Amino acid sequence: MAVPAPQIEAFFDDPTNTISYLVSDPETRQAAVIDPVLDYDHKSGEVDIRSVEAILKRAAEEGLTIVWALETHAHADHLSAAPYVKAKTGAKIGIGEHIKDVQKIFRPVFNATDLNTDGSDFDHLFVDGETFKIGNLTVEVMHTPGHTPADLSYKIGDAVFVGDTIFMPDFGTARADFPGGDAKRLFNSIQKLLTLSDETRLFMCHDYKAPGRDHYAWETTVGEQKRNNVHVGEGASEESFVAMREKRDATLAAPTLLLPSIQVNIRAGRFPEADANGVHYLMVPVKPKTDAAGHALGL
Ligand SMILES: [Fe+2]
């Protein structure tokens, strides 16, 4: 019996270069939203819902029932709109079980005393190899760590939503230098994806246009990645990949929305509790230079 094919619609978020997906079962009209973006302007603190509303509008037009808001990982470049999807549709928020490791790393960084590091802010923590249903579609969960410890790829029929495990062939791969990230693990996770059949479709979570490409792109295949990926394609070894990745990562600046994203996304998209005045604040941990005796300078 043929595996049912999902209906897939992509939504590109220009400010963060993120691609969110609306994935649905054509038979039952059940659907999932993968990696929804909450609009957030760091200069003004303004939060908006226009990006996620565009997805919900499409779902309504198509008569879809959204049952899952799926995160591929705790993103460092945009805030998750999963709680909004949940509030509007009753969908459950799912992420990989190793989000607990990410929470343990960042709870002290943000002194997030309201945060339990058991993943309980999420509705479901997926384990490697777990399967679940979106209508008649079967989703297979693949743990693909390296970019972060918790990254998942969701395989639905012949389509895999890879998060930041790999980028388009002409761009290569994502950084592996966030706390808990590891270039060697990333290489091995990519190899796991590349054992899938050549015609398997891969859907990226980000695209930045590669040099010489004038348009954004987010869909490719396993075969294409094996032949042409500039970091892990034909002839790439684990050793050469790790050396390349670590050298390159050392030159990359922190993403613009790193601090707001992490402190919201480790709480499953929940903002820190409001202060006594009713305002929600995001935190910037200040990192002063120190002198030889360890005293902070400038504070
Ligand atoms: Fe990421």
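Here goes a summary of the coordinates provided.

Because the α-helix completes a turn every 3.6 residues, residues three or four places apart line up on one side. If you check which residues of helix H3 (residues 99-109) are buried, you get Ile99, Val102, Gln103 and Phe106. Burial along H3 is one-sided: seen end-on, the buried residues are contained in an arc of 100°. A positive backbone phi angle near 45° is found at asparagine 111, which sits one or two residues after H3.

For the rest of this paragraph, the subject is the nonpolar core. Membership of the largest hydrophobic core comes to 37 residues, with the highest contact counts inside it found for Leu22, Ile66, Val85 and Val102. Counting residues per element, the ones that place at least two in this core are strand E3 (30-34), strand E4 (37-41), helix H1 (50-61), strand E6 (65-70), helix H2 (82-89), strand E8 (92-96), H3 and helix H7 (258-265). No other element matches the four residues that H1 contributes to this core. Those residues in contact with valine 102 that lie beyond four places of it in its chain are Ala74, Pro149, Ala150 and Ile266. Within the second largest apolar cluster, 20 residues are counted, among which are Ile166, Ile190, Leu194 and Phe241.

Right, let's talk about the pairing of E3 for a bit. Most of E3 is tucked away: four of the five residues are buried. Pairing of strand E2 (residues 18-24) with E3, which is carried by four bridges, proceeds in the antiparallel orientation. Within E3, the residue paired with tyrosine 21 across the bridge is isoleucine 34. Bridging between E3 and E6 involves five bridges; their strand directions are parallel. Its bridge partner being in E6, alanine 32 is matched across the sheet by tryptophan 68.

So, on to the coordination of the iron ion. All of the protein donors around the iron ion are His73 (NE2), His147 (NE2) and Asp164 (OD); their distances to the metal are 2.1 to 2.3 Å. Along the chain, the residues donating to the iron ion fall in the pattern H-x73-H-x16-D. You can see histidine 73 sitting in the loop between E6 and strand E7 (79-80) and its partner histidine 147 sitting in the loop between strand E11 (137-143) and strand E12 (152-156), a full 74 residues away along the chain. Both residues of the pair, histidine 73 and histidine 147, count as buried.

Right, let's get into the side chain of arginine 213. As for its position among the elements, arginine 213 is in the loop between strand E14 (201-203) and strand E15 (219-221). Judged by relative accessible area, arginine 213 falls into the buried class, the value being 12%. A polar atom in the side chain of arginine 213 sits 2.9 Å from the side chain of aspartate 207. At 2.9 Å, the side chain of arginine 213 forms a polar contact with the backbone oxygen of histidine 215. Setting aside its immediate chain neighbours within four residues, arginine 213 contacts Met168, Asp170 and Asp207.

To continue, consider the packing of aromatic side chains. Following the criterion strictly, the structure yields 14 aromatic pairs and no others. Taking the centre distance of 5.1 Å and the plane angle of 20° together, the rings of phenylalanine 161 and phenylalanine 203 count as stacked. Here the residue phenylalanine 161 occupies a position in strand E13 (residues 159-161), and phenylalanine 203 occupies one in strand E14, the gap between them amounting to 42 residues. Seen from their ring centres, phenylalanine 171 and tyrosine 208 are 5.5 Å apart, and the 35° between their planes marks the pair as tilted. In this pair, phenylalanine 171 sits in the loop between E13 and helix H4 (183-194) while tyrosine 208 sits in the loop between E14 and E15, placing the two residues 37 residues apart along the sequence.

Side-chain alternation along strand E10 (residues 131-134) places Phe132 and Ile134 on a buried face and Thr131 and Lys133 on a face that remains uncovered. Relative to E11, E10 runs antiparallel, the two sharing four bridges. Residue pairing for E11: isoleucine 134 is matched across the bridge by leucine 137. Hairpin connection of E10 to E11: two residues between the antiparallel strands, including glycine 135 at a positive phi of 60°.

Cut-offs applied
Residues numbered from 1 in each chain as written. Predicted model: local features only at pLDDT ≥ 70, side-chain atom pairs only at ≥ 80, totals over all residues. Heavy atoms only, no water. Buried < 20%, exposed > 50% of the residue type's maximum accessible area, 1.4 Å probe, protein only. Helix = DSSP H or I, 4+ residues; strand = E, 2+ residues; numbered from the N terminus. Arc of directions from axis to C-beta. Core = buried A, V, L, I, M, F, W, Y, C linked by side-chain atoms within 4.5 Å. Contact = heavy atoms within 4.5 Å. Pairing = 2+ DSSP bridges. Donors = N, O, S within 2.8 Å, 3.2 Å for Na, K, Ca; no water. Polar contact = N/O pair within 3.5 Å; in protein donor to acceptor, adjacent residues only side chain to side chain. Phe/Tyr/Trp six-rings, centres within 6.5 Å; stacked < 30°, edge-to-face > 60°.

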